[in-house]
Amino acid sequence: MYRGFDKSENTEKIKGKISRRKLLERTLSIIKPDGVEKKVVGEIISRFEKNGLNVVAMKRIKLSKADAEGFYAVHKERPFFGSLTDFMSRGPIVVMVLEGEGAIAKNREIMGATNPEEAAEGTIRKDFATNIEENTVHGSDAPETAAFEIGYFFNALEING
């Protein structure tokens, strides 16, 4: 102990802060063209925030067809690839980085099932989506996916958590 400073007590405080910080996760969320067109951007963001997710980066952009194809390249061989990329490039979208404990799972729970007919009551897709393709929101499904998706739209200086 030096001048009333208990090193072990401070070390435990620091460990506690580091442990809590490790629980924080980041995920990408997109409000798709149909959500922007329906003017529900504010309502969707509010749902994230009310559920403990913080928006640490956000911007409204318009994807070109090539941008959408690059983002959804993992689905290139799927039969819906063309219509998905057409849809995602038809109008503005809002991309954001959400941060919080278990952010990936929490975001997916708030969004609801991909098919709005199967989504739980009170989820974003149940309340706002038109169909399985125009389903209002996108969210990362795993930490590796989140890392790629966040990096696709944001550089490190744009993320302020």
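Relevant structure appears above.
Enquirer: Looking at this structure, I do not really get the pairing of strand 1 (residues 24–31). What am I missing?
Expert: Consecutive residues of a regular strand have side chains that alternate between opposite faces of the sheet. With eight bridges connecting them, strand 1 and strand 3 (residues 93–101) associate as antiparallel partners. The residue bridging E25 from the neighbouring strand is G100, located in strand 3. In this sheet, strand 4 (residues 137–139) lies alongside strand 1 in antiparallel orientation, the contact comprising three bridges. Bridge pairing in strand 4 links S29 to G139.

Enquirer: Whenever I open this one, the nonpolar core confuses me. Can you help?
Expert: As a rule of thumb, nonpolar side chains are buried together in soluble globular proteins. Residues L28, I30, M88, V97, F153, F154 and I159 are the most contacted members of the largest nonpolar core, which totals 21 residues. Those elements giving two or more residues to this core turn out to be strand 1, strand 2 (54–61), helix 4 (65–71), helix 5 (81–88), strand 3 and helix 8 (143–153). Element by element, the count of residues in this core is highest for helix 5, at four residues. For M88, the contacting residues outside a window of four places in its chain are I30, K32, P33, L63, A68, Y72 and I93.

Enquirer: How should I be thinking about the pattern of salt bridges in this particular structure?
Expert: Inspection of every chain in the model, using the stated rule, returns eight salt bridges. The partner of R47 in a salt bridge is D127, and the shortest N-O contact between them spans 2.8 Å. Residue R47 is located in helix 3 (residues 41–50), and its partner D127 is located in helix 7 (residues 124–128); the two are separated by 80 residues in the primary sequence. In this structure D127 comes out as partly exposed when scored by relative accessible area, which is 36%. K65 is the partner of D86 in a salt bridge, and the nearest nitrogen-oxygen pair spans 2.6 Å. Of this pair, D86 sits in helix 5 while K65 is found in helix 4, placing the two residues 21 residues apart along the sequence. Linked by salt bridges that have partners in common, E37, R90 and E134 make up one network.

Enquirer: Sorry, what's going on with the sheet that holds strand 1 here?
Expert: Within a sheet, neighbouring strands are paired by backbone hydrogen bonds and run either parallel or antiparallel to one another. Taken together, four strands build an open sheet; the order of strands is 2-3-1-4 and the sheet is antiparallel. Two strands in the sheet have a free side with no partner beyond their single neighbour: strand 2 and strand 4. Averaged over all adjacent pairs, the angle separating strand axes in this sheet is 20°, with direction ignored. Contacts from helix 6 (residues 103–111) reach strand 1, strand 3 and strand 4 within the one sheet, and its direction differs from that of strand 1 by about 35°. On top of the sheet, helix 8 reaches strand 1, strand 2, strand 3 and strand 4; it is set at about 55° to strand 1, its chief contact.

Enquirer: Even after reading the chapter, I still don't get unusual backbone geometry, so can you show me in this structure?
Expert: The phi torsion of most residues other than glycine is negative, and most of the peptide bonds are trans. In this structure, K39 takes a positive phi of about 60° despite not being glycine. Locating K39 in the fold gives a position in the loop between helix 2 (33–37) and helix 3. Accessibility expressed as a relative area gives 73% for K39, which makes it exposed. At T136, a position not held by glycine, the phi torsion is positive, near 70°. Looking at the secondary structure, you find T136 in the loop between helix 7 and strand 4.

Parameters at a glance
- Residues numbered from 1 in each chain as written.
- Predicted model: local features only at pLDDT ≥ 70, side-chain atom pairs only at ≥ 80, totals over all residues.
- Heavy atoms only, no water.
- Pairing = 2+ DSSP bridges.
- Helix = DSSP H or I, 4+ residues; strand = E, 2+ residues; numbered from the N terminus.
- Core = buried A, V, L, I, M, F, W, Y, C linked by side-chain atoms within 4.5 Å.
- Buried < 20%, exposed > 50% of the residue type's maximum accessible area, 1.4 Å probe, protein only.
- Contact = heavy atoms within 4.5 Å.
- Salt bridge = Lys/Arg side-chain N within 4 Å of Asp/Glu carboxyl O.
- Axes fitted to C-alpha atoms, helices over the stretch in contact; angles between N-to-C directions.

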